[in-house]
Each structure stands twice: as structure tokens, then as C-alpha cells.
Amino acid sequence: MSDREPELPGLLDGLVCVIRRDLHLAWRRPGDVLNPLFFFAIVSTLFPLAVGPDAEQLALNGPGVLWVAALLAALLSLNSLFLNDYEDGTLEQLLLSPQPLPLLALAKAIAHWLVSGLPLVLVSPLVAMSFQMPARSTAVTMLTLTLGTVSLSLLGSIGAALTVGLNRGNALLSLLVLPLAMPVLIFGARTVSLAAAGDATSAGVYFLGAYCMLALTLAPFATAAALRISNE
Amino acid sequence: MAELSGQALTLIRGDRCLFRGLEFALKSGELLTVEGPNGSGKTTLMRAIAGLIDPDEGMVRWNDTNVKRIRQAFHASLVWMAHRPGFKGDLTLIENLRFESGLRTMRMSMAEHHLVRLGVATLTDIPFRALSAGQQRRVALARLILTEAPLWLMDEPFANLDAAGQDLVFEVLREHLRNGGMCVMATHQEVELDAPAHRVRLQ
């Protein structure tokens with residue numbers, strides 16, 4: 001064996017590789033992907049049935065219900081983010097790979113968003129329609145939900161990494177992530193309400209964008225540190 | 001010439017001291033076996049060497065540098081074979097190996113040759129979870145062989161393997177050491193190789 005340093009695959013290779021693998025796995029087990037989506041669809045279609053057909057009231061409550069459903073659907077899928085990898089030992093192999101761990105954590109969060117967040121964003125116009133929300137708010141709904149679900153996947157990955165080694169870490173995970181998710185919920189729902197009423201929405205969108213950027217830059221490092229702790 | 005050493009390693013779990021002031025050193029072409037009864041901390045020591053656990057005192061050095069300071073370079077120089085296979089059950093053997101090759105340097109062009117040699121070449125199209133425990137161990141061996149890393153960390157490599165499989169472990173290990181590699185192995189079994197061997201006994 002020669003003494004030269006073996007040439008490593010590039011940084012981007014590791015990132016792409018993890019994303020591709022997780023998407024591949026999700027494809028093999030579509031149930032895991034569809035679960036949060038079903039939850040989101042069921043909650044937001046049952047609500048109009050329970051509240052009644054009053055169009056004005058529905059349109060008023062719509063943004064709030066939409067966002068709560070999206071938040072809970074995202075939380076539902078967070079628990080399994082690192083759990084499978086932990087159980088079959090692939091997480092250990094990731095930790096011991098020569099790739100920077102924050103990058104791999106970022107890849108896991110991106111993959112999580114692609115299979116759980118993106119579908120929510122895509123079906124949200126349909127849900128908005130069932131709440132009789134005006135068409136002019138559709139674009140803002142999708143934009144804010146995109147920023148919001150990306151933030152949730154990133155922030156959630158910190159909680160998922162911290163609780164991965166614990167039995168029944170699910171409740172703890174929700175407790176850890178919910179406070180961080182509150183700003184997303186408040187600004188998201190409010191911005192969609194404003195859009196539905198025809199008011200200016202840029203302030204809320206900017207805030208969600210800034211929050212998303214903050215999560216994007218800091219969460220991978222926190223997740224990496226949490227993974228090292230959980231695997232001690 | 002690569003060198004791995006442990007200096008004054010102490011590890012305490014809960015109120016129990018697994019080992020105190022443990023020292024070892026090994027160079028290219030050498031083998032270190034970690035022995036001891038169940039629950040004596042063999043796996044914990046292996047994990048500390050790999051850098052998954054921080055020892056309470058002391059340090060592990062790779063080429064005279066604390067491995068915590070050169071984590072990435074150290075990880076590029078080691079492969080880890082644990083109890084759990086570390087492969088995805090839903091993916092096939094080849095998909096799993098291809099994924100790994102995106103993370104570390106692997107000689108995928110040699111994959112077929114080695115899979116034939118390990119007796120798992122006919123199993124490449126079925127999901128990994130459908131393989132028997134012994135076959136899964138053989139695939140884990142393939143990861144060791146295909147990765148271009150000088151340091152092999154093997155935790156109970158003989159578990160679940162039949163006699164032929166155990167011979168395979170000896171065979172690939174002998175080859176690895178002859179090529180200037182090194183190996184730390186936690187095992188209950190007597191390991192007889194024509195290579196310089198060190199021993200750590202845990203109580």
C-alpha cells in the first residue's frame with residue numbers, strides 16, 4: 001500500500017450521493033413518503049367538513065389550518081430521518097467517512113425536504129381551493145410553504161439527530177423542534193392571510209426567507225455535532 | 001509507513017472504568033487483537049479508536065498526530081466493520097457499494113473479481129436484507145477489500161461466518177497485512193497469522 005493520500009471523491013459527490021440514495025430508498029418504500037402527504041390532505045379536507053360550508057369563515061381559517069397541518073405533517077416524518085440509518089449501522093459508516101459531516105447532514109435534510117416538504121407545497125393549491133381561498137394567494141401560499149418546509153426540514157434534522165439514540169424519542173423531538181418552528185408558523189399563516197385579503201406580503205416573505213437562510217447555514221453544523229453526540 | 005498508537009487511554013462508562021492507561025502501538029503490516037470476555041469493553045475500545053467516542057483521558061494518534069485534529073484524513077485511512085452491516089436493506093449489494101464509492105475511494109473496477117472470490121457474486125440483484133447473516137458479513141468484507149484504506153477496524157469479524165467464511169477472513173487479512181496494511185480486531189478467536197501481532201486484554 002502506497003503512502004500517498006488516496007484521492008477522495010469530491011465534496012459535491014458525497015452530497016449528491018446521499019441525496020440520491022435517500023430518494024432511491026424513498027422510491028422503494030413509497031409508504032414513508034405518502035404518509036405525511038395523506039395526513040396533510042386528510043386534516044385539511046376534514047376541517048371544512050367539520051366547520052361547515054360557510055365560504056367566508058373557511059377562507060378566514062384556511063391559512064391557519066393549512067399551516068398547522070403542514071407543520072404537523074413535517075413533524076410526523078422527522079422521526080425517521082436518521083432512525084433507519086442508525087439502526088442498520090449506515091449512520092456509523094457516514095460518521096466515519098472522510099466527507100465533512102455537516103455536508104452529509106445537509107444532504108439528509110435536502111432529501112427529507114424533497115420527499116416530505118415538496119409534495120406538501122405541490123398539493124397546497126388544491127387544499128387552498130377547498131378552503132375557498134382566493135386565487136391571488138396561491139403563489140404566496142406556495143412560496144411561503146416552500147420557505148417554511150425547508151426551514152422545518154433543516155431545524156428538524158437537529159432534533160432528529162439529538163434524539164436518534166433514544167427510545168421513544170418522538171415526543172422529545174416534537175418538544176425540541178416546536179419552539180424553533182413557531183416563528184415559521186406565525187409568519188407563514190399570517191402572510192398567507194394577508195395575501196388572501198389582498199394586502200402587501202413582502203415583509204412576511206422576507207422574514208421567512210431570512211429564517212430559512214439562517215437554518216440553511218447553521219443547522220447542518222448543529223446536526224453534525226448532535227449526530228456525534230448521539231453516536232457516543 | 002503509517003503508524004497508529006493509543007496513549008494512556010482511559011474510558012469510563014457510568015460508574016465503571018472499562019480500561020485505564022491503556023497503551024498500544026502498531027505499524028504497517030501489523031495486527032492488534034483486542035481480547036476479553038463479553039461486556040469487557042472491546043467494542044467501546046474499537047469505537048474510541050475509530051473516533052466515534054472521545055476517550056475520557058489519553059488520545060489515539062495516527063502518524064503522531066492526535067486523530068481529533070485530523071479527523072477527515074484519519075477517516076480516509078480507515079474502514080470500519082461493525083456488528084451491524086452498515087448497508088441499506090432495501091438496496092442491492094451493488095447499489096450499496098456504489099453508494100459507498102461516492103463517499104470514499106473504492107476500487108469499483110475490482111468489485112466483480114472480489115465478489116466472486118467472496119462467494120456473493122450471484123447475489124448482486126436481490127435486496128441486501130434478503131441475504132443471510134453470513135452472506136452479509138461477506139459483503140462487509142468486500143467493503144474492506146475495495147476501500148483503499150491502510151487501517152482495518154474489525155469488530156468480531158468471525159461472527160455468523162461458516163468455516164469457509166472464516167478462512168476467507170484470514171486470507172484477505174493476510175493479504176492486507178502483506179501489502180503494508182494494518183488491522184485492529186476485536187475477537188474471541190485465536191488468530192494465527194504470519195505477521196507481527198500485538199495483543200490487548202481487557203478485564
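Relevant structure appears above.
Please read all numbers here as calculations on a predicted model, not as lab measurements.

### As for the overall build of chain B
Reasoning step 1: Scanning chain B from terminus to terminus reveals six helices and nine strands.
Reasoning step 2: Its C-alpha radius of gyration of 17 Å places chain B within 12% of the 17 Å reference for a compact globule of 203 residues.
Reasoning step 3: Oriented by its inertia axes, the alpha-carbon framework of chain B measures out at about 50 × 35 × 30 Å.
Reasoning step 4: When the 203 residues of chain B are sorted by exposure, 42% land in the buried category.

### Notes on the overall build of chain A
Reasoning step 1: Along the backbone of chain A there are nine helices and zero strands.
Reasoning step 2: Starting at the N terminus, the α and β elements of chain A follow one another as α-α-α-α-α-α-α-α-α.
Reasoning step 3: Taken against the 2.2 N^0.38 rule, which gives 17 Å for 232 residues, the C-alpha radius of gyration of chain A at 19 Å falls within 12% of a compact globule.
Reasoning step 4: Across its three principal directions, the C-alpha atoms of chain A cover 75 × 35 × 30 Å.
Reasoning step 5: Look at the contacts in chain A between residues 6 or more apart in sequence, and 82% of them connect residues 24 or more apart.

### Let's talk about the sheet that holds strand β6 (residues 78–81) of chain B
Residue and element names in this part refer to chain B.
Reasoning step 1: The sheet built from five strands is open, its strands ordered β6-β7-β8-β3-β9 with parallel pairing. The outermost strands of the open sheet, each flanked by one partner alone, are β6 and β9 (197–201). For this sheet, the mean angle separating the axes of adjacent strands, direction not counted, is 15°.
Reasoning step 2: Judged from the four bridges that link them, strand β3 (residues 31–35) and strand β8 (residues 182–186) form a sheet pairing that is parallel.

### A word on the packing of helix α3 (residues 55–78) of chain A against helix α8 (residues 170–197) of chain A
Residues and elements named next belong to chain A.
Reasoning step 1: Viewed as axis vectors pointing N to C, α3 and α8 meet at an angle of 150°, and their least axial separation amounts to 9 Å. The pairing of α3 with α8 is recorded here as roughly antiparallel in orientation. Where α3 crosses over α8, the handedness of that crossing is right-handed. Mapping the contact onto sequence places Ala59, Pro63, Gly64, Leu66, Trp67, Leu71, Leu75 and Leu78 in α3 and Leu173, Ser174, Val177, Ala181, Leu185, Gly188, Ala189, Val192, Ser193 and Ala196 in α8.
Reasoning step 2: When its residues are assigned to classes, the contact of α3 with α8 shows 14 nonpolar, four polar and no charged.

### Thoughts on unusual backbone geometry
Reasoning step 1: Backbone geometry places Gln132 of chain A, a non-glycine residue, at a positive phi of 60°.
Reasoning step 2: Here Gln132 of chain A lies in the loop between α6 (101–130) and α7 (138–163).
Reasoning step 3: A positive phi angle, near 50°, is found at Ala8 of chain B, a position not held by glycine.
Reasoning step 4: Its place among the elements puts Ala8 of chain B in strand β1 (residues 3–13).

Conventions adopted
- Residues numbered from 1 in each chain as written.
- Chains lettered and ligands numbered in written order.
- Predicted model: local features only at pLDDT ≥ 70, side-chain atom pairs only at ≥ 80, totals over all residues.
- Helix = DSSP H or I, 4+ residues; strand = E, 2+ residues; numbered from the N terminus.
- Rg over C-alpha atoms; globule rule 2.2 N^0.38 Å.
- Buried ≥ 20, exposed ≤ 12 C-beta atoms within 10 Å, placed from the backbone.
- Contact = placed C-beta atoms within 7 Å.
- Pairing = 2+ DSSP bridges.
- Axes fitted to C-alpha atoms, helices over the stretch in contact; angles between N-to-C directions.
- Parallel < 35°, antiparallel > 145°, perpendicular 65-115°, else oblique.
- Left-handed = near helix turned anticlockwise from the far one by under 90°.
- Nonpolar A, V, L, I, M, F, W, Y, C, P; charged D, E, K, R; others polar.

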